[in-house]
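Chain by chain, the residues:
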Amino acid sequence: MGTALKDLAAAGVAVWLDDLSRTRISSGSLAHSVEAGEIVGITTNPTIFSKAIGSGSGYEDQLRDLAVRGTAIGETLRLLTAWDVRAACDILRPVFEKSGGRDGRVSIEVDPRIAEDAGRTAAEARGLWWLVDRPNLFIKIPATLAGLPAITETLAAGISVNVTLIFSVDRYKAVLEAFLSGLEQRLKAGGSLHGIESVASFFVSRVDTEVDRRLGDKAPHLRGTAAVANSRLAYEVYEHMLETPRWQALAAAGAMPQRLLWASTGVKDKAFPDTKYVVDLVAKDTVNTMPEATLRAVADHGVVRGDTIRDGYAAARKVIEDLHAAGVDIADVANVLEQQGVESFEKSWEELIASVTEQIEKAGATVMPAGAVKPAGNGAPAAASPRQSA
């Protein structure tokens, strides 16, 4: 384990890996990273699974069995991804227990195609929680306006939530409201807050990419400053929330605060240091989920300078003010990035469906459309519980 990764942990930053695949599980690579103390959690998304399952490596036997049984394509995708997530949860279970449930978590995302339907999103969250059946699971729900009620409903049901696709401080405030309301509803209904965790995934690098595109040749001194400033101001909101009587009442009832998770921390502009979105966003009780390349870069040459957030609030506000003066509307940037994020994950999900369909057809089996049941040889439905299929 590199010194920088130890320094991050000592500063209160939980290091998670933004990647998962059947090969990473079966090869022992994931277990090694966990046992070495490099990572204490995992995040996934539709793009990650599209890349992993689309490669076909390690999924062949399960794909063949599901196809032979006539499992519909949508259910096939859920069973494949749930298998990986469940296995990762088991590998991270010792971390989960050692941290008192704070870390050792693995995330799985609801179908991005239903991001604008709160009822369906909450229903799928409950279904995924049942299907994976591990206490160290996070259900990822996008922080769209439609997703906010689903976040509240899911937390009120006692399900831990990773709120994803947050790009603005204002939307983060709405996410905090959804989080607090969910815990309050659960408490009012007589439920326990024990074991319920949540993180708010605040996206970083994409903000700089969009802002710098809009800046063009104007104000070169502002290039690469928006994302970190935006993130630091979100952490200021988090600190203020901890001081409110509303939160303190929930904390007295056993609630744990919703940590900020820095997502999209791989550098897109190669002119920036490859550890920028890690070492510039260090503060206690945060999470940084990194793609493999960023994790290795931090371990190799990252320099952790202690807390790099809390002394920077005034400077962060000045950056946002200067960007506004330069004609960059941060609120519009966030709206565009949210829409792009949802569309990107929808596209990845559709690509995954196409890839799995192709693999099933290559195996000589029939692809069953959603909702279909292929009859068995004796005319009885060839159905089984989702857990048996996984």
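Undergrad: What should I look at first to understand the confidence of the model for the chain in this one?
TA: Do not read the fine detail of predicted coordinates wherever pLDDT is low. When pLDDT is averaged along the chain, the result is 92, and 92% of the positions lie at 70 or above. With pLDDT under 50 throughout, residues 371-390 is counted as low confidence; its partners more than four residues away or in other chains account for 33 contacts.

Undergrad: Explain the pairing of strand 3 (residues 105-109) to me, please; I cannot follow it from the model alone.
TA: Look at any regular strand and the pattern is simple: side chains alternate between the two faces of the sheet. By the criterion of burial, strand 3 is predominantly enclosed, with five of the five residues buried. Examined bridge by bridge, strand 2 (residues 41-42) and strand 3 share two bridges and lie parallel to one another. By the bridge assignment, Ile-42 is partnered in strand 3 with Val-106. As defined by bridge partners, strand 3 adjoins strand 4 (residues 137-142) across four bridges and the pair is classed as parallel.

Undergrad: Mind showing me how you'd approach the packing of helix 11 (residues 226-242) against helix 15 (residues 313-325) here?
TA: In a pair of packed helices, the angle between the axes and the distance between the axes together describe the arrangement. Close contact between helix 11 and helix 15 brings their axes to 9 Å; oriented N to C, the two are set at 130 degrees. In terms of orientation, helix 11 lies oblique with respect to helix 15. As helix 11 runs across helix 15, the sense of the crossing is left-handed. Touching Ala-226, Ala-229, Asn-230, Arg-232, Leu-233, Tyr-235, Glu-236 and Glu-239 of helix 11 are Tyr-313, Ala-316, Arg-317, Val-319, Ile-320 and Leu-323, all from helix 15. Partitioned by chemical class, the residues of the contact of helix 11 with helix 15 number nine nonpolar, one polar and four charged.

Undergrad: Where do I start with the side chain of Ser-33 in this structure?
TA: Examined against the element boundaries, Ser-33 turns out to sit in helix 3 (residues 29-35). We classify Ser-33 as buried; its relative accessible area is 5%. Aside from chain neighbours lying at most four places away, what touches Ser-33 is Glu-38, Ile-39 and Arg-296.

Undergrad: I'm lost on the packing of aromatic side chains in this one. Help?
TA: Under the counting rule described, the total for this entry stands at six aromatic pairs. Pairing Tyr-172 with Phe-202 gives two aromatic rings, centres 6.4 Å apart and planes at 85 degrees, and the pair type is edge-to-face. Of the two residues, Tyr-172 is situated in helix 9 (residues 169-188) and Phe-202 in strand 6 (residues 198-203); the sequence distance between them amounts to 30 residues. The exposure class assigned to Tyr-172 is buried, which follows from its relative accessible area of 0%. Judged by relative accessible area, Phe-202 falls into the buried class, the value being 0%.

Undergrad: Got a minute to help me understand the nonpolar core in this structure?
TA: Soluble globular proteins tend to pack their nonpolar side chains together in the buried interior. Ranked by size, the top nonpolar core spans 123 residues in total, and within it Leu-8 and Tyr-172 carry the most contacts. Ignoring anything within four residues of it in the chain, the contact list for Tyr-172 reads Ile-166, Ala-200, Phe-202, Ala-234, Val-237, Tyr-238, Gln-258 and Leu-260.

Undergrad: Looking at this model, I keep getting lost on the pairing of strand 6. Mind explaining?
TA: Among the six residues of strand 6, six are classified as buried, and the element is accordingly described as predominantly covered. Of the two faces of strand 6, both are covered, the one formed by Ser-198, Ala-200 and Phe-202 as well as the one formed by Val-199, Ser-201 and Phe-203. For the handedness criterion, the β-α-β arrangement of strand 5 (residues 161-166), helix 9 and strand 6 is classed as right-handed. Of the pairings in the sheet, the one linking strand 6 to strand 7 (residues 259-263) comprises five bridges and is parallel in character. Residue pairing in the sheet places Ala-200 in a bridge with Leu-260 of strand 7.

Undergrad: How do you make sense of the packing of helix 7 (residues 118-132) against helix 8 (residues 147-156) when you look at a structure like this?
TA: Two elements in contact, helix 7 and helix 8, have axes separated by 8 Å at closest approach and are oriented at 35 degrees. Crossing angle aside, the handedness with which helix 7 passes helix 8 is right-handed. In this structure, helix 7 contributes Ala-118, Thr-121, Ala-122, Ala-125 and Arg-126 to the contact, and helix 8 contributes Pro-149, Ala-150, Glu-153 and Thr-154. Of the residues belonging to the contact of helix 7 with helix 8, the class tally is five nonpolar, two polar and two charged.

Undergrad: What's the story with the environment of Ala-315 in this structure? I'm lost.
TA: Secondary-structure assignment places Ala-315 in helix 15. Linking Ala-315 and Ala-229, residues 86 residues apart in sequence, is a C-alpha distance of 7.7 Å.

Undergrad: Got a minute to help me understand helix 10 (residues 205-215) in this structure?
TA: The periodicity of an α-helix, 3.6 residues per turn, causes residues three or four places apart in sequence to face the same way. Where helix 10 is concerned, the buried positions are Ser-205, Val-207, Asp-208, Glu-210, Val-211, Asp-212 and Leu-215. On the buried face of helix 10, the contacting elements are strand 6, helix 11, helix 13 (276-279), helix 15 and helix 16 (330-362). Phi for Gly-216, located one or two positions after helix 10, is positive at around 60 degrees.

Parameters and conventions
Residues numbered from 1 in each chain as written. Predicted model: local features only at pLDDT ≥ 70, side-chain atom pairs only at ≥ 80, totals over all residues. Heavy atoms only, no water. pLDDT = per-residue confidence, 0-100. Contact = heavy atoms within 4.5 Å. Buried < 20%, exposed > 50% of the residue type's maximum accessible area, 1.4 Å probe, protein only. Helix = DSSP H or I, 4+ residues; strand = E, 2+ residues; numbered from the N terminus. Pairing = 2+ DSSP bridges. Axes fitted to C-alpha atoms, helices over the stretch in contact; angles between N-to-C directions. Parallel < 35°, antiparallel > 145°, perpendicular 65-115°, else oblique. Left-handed = near helix turned anticlockwise from the far one by under 90°. Nonpolar A, V, L, I, M, F, W, Y, C, P; charged D, E, K, R; others polar. Phe/Tyr/Trp six-rings, centres within 6.5 Å; stacked < 30°, edge-to-face > 60°. Core = buried A, V, L, I, M, F, W, Y, C linked by side-chain atoms within 4.5 Å. Right-handed = clockwise from strand over helix to strand, strands pointing away.

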